[in-house]
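Structure assessment
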Amino acid sequence: MTDPGQGVLLALFGLVVGSFLNVCIHRLPRGGSIVNPPSHCPSCGQSLRWFDNVPVVGYVMLRGRCRACGTSISPMYPAVEVVTSVLFVLQYAVVGFEPLLVARLVLVCAMIVLFMIDLQHRLLPNVITLPGAVVGLVFSLFLPPGWVDAVIGVVVGGGSLLAISEAYYRIRGEEGLGIGDVKMLAMIGAFLGWQSMLVTLLLASLLGSVVGIGMMASSRGDAKYALPLGSFLAVASIAATAVGEPFIAWYASFY
């Protein structure tokens, strides 16, 4: 059973973490440090005051513009903070205040960063996916899905996409999937186990198909348009934390 007070505290904690995730999203693709220098305006370099960094509130008080140079600040920043807060609360509602919640929150943070970076740069940094897979396996030693399912999740998750990528290349003579997608799905398998990893892959494929068909129908892309699979995997993995087990139980009921 969830407690409203704990939910509120977790929501506030999510806002703070979301602010840090914004730093990761902005700096990691550019090879920058997430520690130094302190938060500053990307346009004029002016360091932000502490109250400008208060999640959401700082953006509202600044009216979406840099205090020093007046350059517009992307609404992505408060959006990431709010989304992080909401997802923290949703994970709490699914898992409760249990040790597994820590692993799920770590996964959510990684997925938010990977979603945004892949969407903007078509890039899935090794600095997240590779250590993330290790962290997921470490969690699995003490928490669900257990280390056996987690190891299978890593092997099957990474191996399946690697096989698809190789087959596509041999048939079409061009790259169809990036190796970053392979590492990301392996990481998801480490956190969620092989069964929920397969649910993630299914949901991501369906989502990608819907978006791809929509883009072709609206003349915004063609059959060769490179969709950000990592972003779809991020959304699908978070969905799988909520619906994965019920879906697996429903599917197993037919056998």
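This text goes with the structure placed above it.
Residues numbered from 1 in each chain as written. Predicted model: local features only at pLDDT ≥ 70, side-chain atom pairs only at ≥ 80, totals over all residues. Heavy atoms only, no water.

As for helix α8 (residues 229-252)
Over its 24 residues, α8 runs only 27 Å from end to end, short of the ideal 34 Å by more than 12%, given 1.5 Å per residue. All of the buried residues in α8 are Leu 229, Gly 230, Ser 231, Phe 232, Leu 233, Ala 234, Ala 236, Ser 237, Ile 238, Ala 240, Thr 241 and Gly 244. (Helix = DSSP H or I, 4+ residues; strand = E, 2+ residues; numbered from the N terminus. Expected span 1.5 Å × (residues − 1). Buried < 20%, exposed > 50% of the residue type's maximum accessible area, 1.4 Å probe, protein only.)

Observations concerning the nonpolar core
Ranked by internal contacts, the top residues of the largest apolar core, which has 49 residues, are Met 111, Met 184 and Leu 233. Residue assignment for this core shows that the elements contributing at least two residues are α1 (4-27), α3 (76-95), α4 (99-121), α5 (126-140), α7 (179-217) and α8. A per-element tally of this core places α4 first, with 14 residues. Met 111 has contacts with Met 184, Met 187, Ile 188, Ala 234, Ser 237 and Ile 238, leaving out every residue within four places of it along the chain. (Core = buried A, V, L, I, M, F, W, Y, C linked by side-chain atoms within 4.5 Å. Contact = heavy atoms within 4.5 Å.)

Brief notes about α5
Taking 1.5 Å of rise per residue, 15 residues should cover 21 Å, and α5 covers 21 Å from first to last C-alpha, within 8% of that figure. Of all the positions in α5, only Ile 128, Thr 129, Gly 132, Ala 133, Gly 136 and Ser 140 are classed as buried.

Brief notes about the packing of α1 against α4
Contact pair α1 / α4: the axes reach a minimum separation of 10 Å and the direction vectors enclose 40 degrees. For the pair α1 and α4, the sense of crossing is right-handed. Side by side, α1 and α4 meet where Leu 10, Val 17, Leu 21, Cys 24 and Ile 25 of the first sit next to Leu 101, Leu 105, Cys 109, Ile 112, Val 113, Met 116, Ile 117 and Gln 120 of the second. For the contact of α1 with α4, the class distribution of residues is 12 nonpolar, one polar and no charged. (Axes fitted to C-alpha atoms, helices over the stretch in contact; angles between N-to-C directions. Left-handed = near helix turned anticlockwise from the far one by under 90°. Nonpolar A, V, L, I, M, F, W, Y, C, P; charged D, E, K, R; others polar.)

A closer look at the environment of Gln 6
Mapped onto the elements of the fold, Gln 6 is located in helix α1. Put simply, Gln 6 and Tyr 92 are 86 residues apart on the chain and 8.9 Å apart in space, counted from C-alpha to C-alpha.

Focus: the packing of aromatic side chains
Within this structure, the stated rule accounts for three aromatic pairs. Ring plane angle 45 degrees and centroid distance 5.9 Å describe the contact between Phe 13 and Phe 88, whose orientation is recorded as tilted. You can see Phe 13 sitting in helix α1 and its partner Phe 88 sitting in helix α3, a full 75 residues away along the chain. For the ring pair Tyr 92 and Phe 97, a centre distance of 6.5 Å and an interplane angle of 80 degrees mean the geometry is edge-to-face. (Phe/Tyr/Trp six-rings, centres within 6.5 Å; stacked < 30°, edge-to-face > 60°.)

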